[in-house]
Amino acid sequence: MAEKKNIALKVDDVSIKFNLSQEKLDSLKEFVFKFVQGKVKYDEFWALKNISFELEKGDRLGILGLNGAGKSTILKVIAGVYRPTEGKVTKKGVIAPLLELGAGFDMQYTARENIYLYGAVLGYKKEFIDEKFDEIIDFAELRKFVDVPLKNYSSGMKSRLGFAICTAVNPDILILDEVLSVGDAKFRKKSEKKVTDMFANNTTVLFVSHSLEQVQRICNKAMILDHGELVAFGDIDSVSKQYQKMIN
């Protein structure tokens with residue numbers, strides 16, 4: 001009898017469709033008028049088509065593809081930002097999605113206030129944030145700016161803060177979309193080490209990066225998306241070779 005796999009994530013025949021309106025309508029009244037006349041046209045765009053794969057606990061999947069391939073879209077479907085038009089996503093445990101770092105920040109609030117606000121959005125309890133507060137601030141290298149409103153922060157400072165908050169927890173599934181490219185070279189090295197340290201806890205990782213070298217360094221599996229379709233899925237070495245041929 002085959003050994004039962006410890007599945008952390010299963011994506012089953014997932015497709016997602018967007019409607020791109022062909023014309024801009026300035027008011028509800030105009031929309032209703034043109035809709036009744038049959039003049040409102042939609043352009044259907046399938047961002048993902050019949051995507052299926054599964055990951056075992058501790059797998060680290062690199063998602064490769066050119067611009068417009070659907071890489072960020074599949075991460076947003078898995079994170080629950082988008083609901084699939086067809087198909088199903090089954091996931092186990094706590095998910096930490098690092099999609100758009102700092103997207104939940106309030107620019108009028110200080111870093112101190114935003115740590116508690118953003119932490120609450122991610123489901124962290126106040127006691128947990130109290131315990132991790134110094135670690136977050138020191139990792140983000142923002143000790144001198146902790147009581148400064150975020151509207152005065154650079155984009156790099158906001159990204160560092162977002163990364164530090166999201167990685168303060170030990171999630172079962174970690175979703176990374178180009179976030180290891182934020183900050184200077186020193187911070188990028190530090191953030192990559194923080195992610196690799198999480199592997200010791202058997203965290204399952206989904207990782208999008210434009211750097212094939214970085215994907216090869218971090219991941220044990222890879223997949224290639226092309227115009228919303230899954231064209232390859234497997235071990236990192238064989239899929240990397242296939243991708244190398246695509247981009248050369």
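Definitions and limits used
- Residues numbered from 1 in each chain as written.
- Predicted model: local features only at pLDDT ≥ 70, side-chain atom pairs only at ≥ 80, totals over all residues.
- Heavy atoms only, no water.
- Helix = DSSP H or I, 4+ residues; strand = E, 2+ residues; numbered from the N terminus.
- Areas by Shrake-Rupley, 256 points an atom, 1.4 Å probe, with all protein chains shown as cover.
- Phe/Tyr/Trp six-rings, centres within 6.5 Å; stacked < 30°, edge-to-face > 60°.
- Buried < 20%, exposed > 50% of the residue type's maximum accessible area, 1.4 Å probe, protein only.
- Lys NZ or Arg CZ within 6 Å of the ring centre and 35° of its normal.
- Pairing = 2+ DSSP bridges.
- Core = buried A, V, L, I, M, F, W, Y, C linked by side-chain atoms within 4.5 Å.
- Salt bridge = Lys/Arg side-chain N within 4 Å of Asp/Glu carboxyl O.
- Axes fitted to C-alpha atoms, helices over the stretch in contact; angles between N-to-C directions.
- Parallel < 35°, antiparallel > 145°, perpendicular 65-115°, else oblique.
- Contact = heavy atoms within 4.5 Å.
- Arc of directions from axis to C-beta.

> Help me out: how do you make sense of the overall build of the chain in this one?
Scanning the chain from terminus to terminus reveals eight helices and nine strands. Carbon together with sulfur atoms contributes 50% to the accessible area of the chain, which is approximately 13600 Å² in total.

> Can you help me understand the packing of aromatic side chains in this one?
Aromatic ring pairs are defined here through the distance separating the ring centres and the angle between the ring planes. Counted by the stated rule, this structure contains eight aromatic pairs. Ring geometry for Phe139 against Phe187: centres 5.7 Å apart, planes inclined by 65°, an arrangement best described as edge-to-face. Of the two residues, Phe139 is situated in helix H4 (residues 126–140) and Phe187 in helix H6 (residues 185–198); the sequence distance between them amounts to 48 residues. Accessibility expressed as a relative area gives 14% for Phe139, which makes it buried. Since its relative accessible area comes to 1%, Phe187 is described here as buried. Site record: aromatic cluster; members linked through ring pairs are Phe139, Phe163 and Phe187. Over the aromatic face of Phe139 sits the side chain of Lys190, whose NZ or CZ is 4.6 Å from the ring centroid. The residue whose ring lies beneath Lys194 is Phe139, and the NZ or CZ to ring-centre distance is 4.6 Å.

> Is there a simple way to explain the pairing of strand E5 (residues 95–98) in this structure?
Walk down a regular strand and you will see the side chains alternate between the two sheet faces. Burial along E5 is one-sided: Ala96 and Leu98 are buried, while Ile95 and Pro97, pointing the other way, are not. Where E5 lies against strand E6 (residues 173–177), four bridges are found, and the strand directions are parallel. Looking at E6, one finds that Ala96 is bridged to Leu174.

> I would appreciate a short explanation of the nonpolar core in the present structure.
Soluble globular proteins tend to pack their nonpolar side chains together in the buried interior. Grouped together as the largest cluster of nonpolar side chains are 44 residues, with contacts concentrated most on Ile115, Leu161, Ile165 and Leu174. Listed in part, the 24 residues of the second largest apolar core include Ile16, Phe53, Ala69 and Leu99.

> What should I look at first to understand the pattern of salt bridges in this one?
Note that side chains of opposite charge can pair when their charged atoms are close. Inspection of every chain in the model, using the stated rule, returns 14 salt bridges. The partner of Asp172 in a salt bridge is Lys57, with the nearest N and O atoms 3.6 Å apart. Of this pair, Asp172 sits in the loop between helix H5 (155–166) and E6 while Lys57 sits in the loop between strand E2 (42–56) and strand E3 (60–64), and the two are 115 residues apart along the sequence. Residue classification places Lys57 among the partly exposed residues on the basis of a relative accessible area of 32%.

> Sorry if this is basic, but what is going on with the packing of H4 against H6 here?
The description of two packed helices rests on the angle between their axes and on the distance between the axes. The N-to-C vectors of H4 and H6 enclose an angle of 140°; their axes lie 11 Å apart at closest approach. Between H4 and H6, the crossing angle belongs to the class labelled oblique. For the pair H4 and H6, contact is made by Glu135, Asp138, Phe139 and Ala140 and by Phe187, Lys190, Ser191 and Lys194, respectively.

> In this structure, what is going on with the sheet that holds strand E8 (residues 221–226)? I would like to understand it.
In sheet architecture, strand pairing relies on hydrogen bonds along the backbone and comes in two forms, parallel and antiparallel. Sheet architecture is open: six strands sit in the order E5-E6-E7-E3-E8-E9, paired in mixed fashion. Bordering the open sheet on either side are E5 and strand E9 (229–235), each of which pairs with just one other strand. Across the sheet, the mean angle separating the axes of adjacent strands is 15° when strand polarity is ignored. Two strands pair when backbone bridges link them, and E3 and E8 are joined in this way by four bridges, in the parallel orientation. Looking at E8, one finds that Leu61 is bridged to Lys221. Sheet strands touched by helix H2 (residues 71–79): E3, E5, E6, strand E7 (204–208) and E8. Its angle to E6, the strand with the most contacts, is close to 150°. Strands E3, E8 and E9 of the sheet are contacted by helix H8 (residues 236–247), whose axis makes an angle of about 140° with E9.

> Any chance you could explain the pairing of E3 here in plain terms?
Along E3, four of the five residues are buried, which leaves the element largely enclosed by surrounding structure. As judged from the four bridges shared by E3 and E7, these two strands associate in the parallel manner. Counterpart to Ile63 in the pairing with E7 is Val208.

> Sorry, what's going on with helix H3 (residues 111–121) here?
Turn by turn, an α-helix covers 3.6 residues, leaving residues three or four places apart pointing in a common direction. Inspection of H3 places Ala111, Asn114, Ile115, Tyr118 and Gly119 among the buried residues, and these make up the whole buried set. Take H3 and look down its axis: the buried residues cluster within an arc of 130°, on one side only. The secondary structure elements touched by the buried residues of H3 are H4 and H5.

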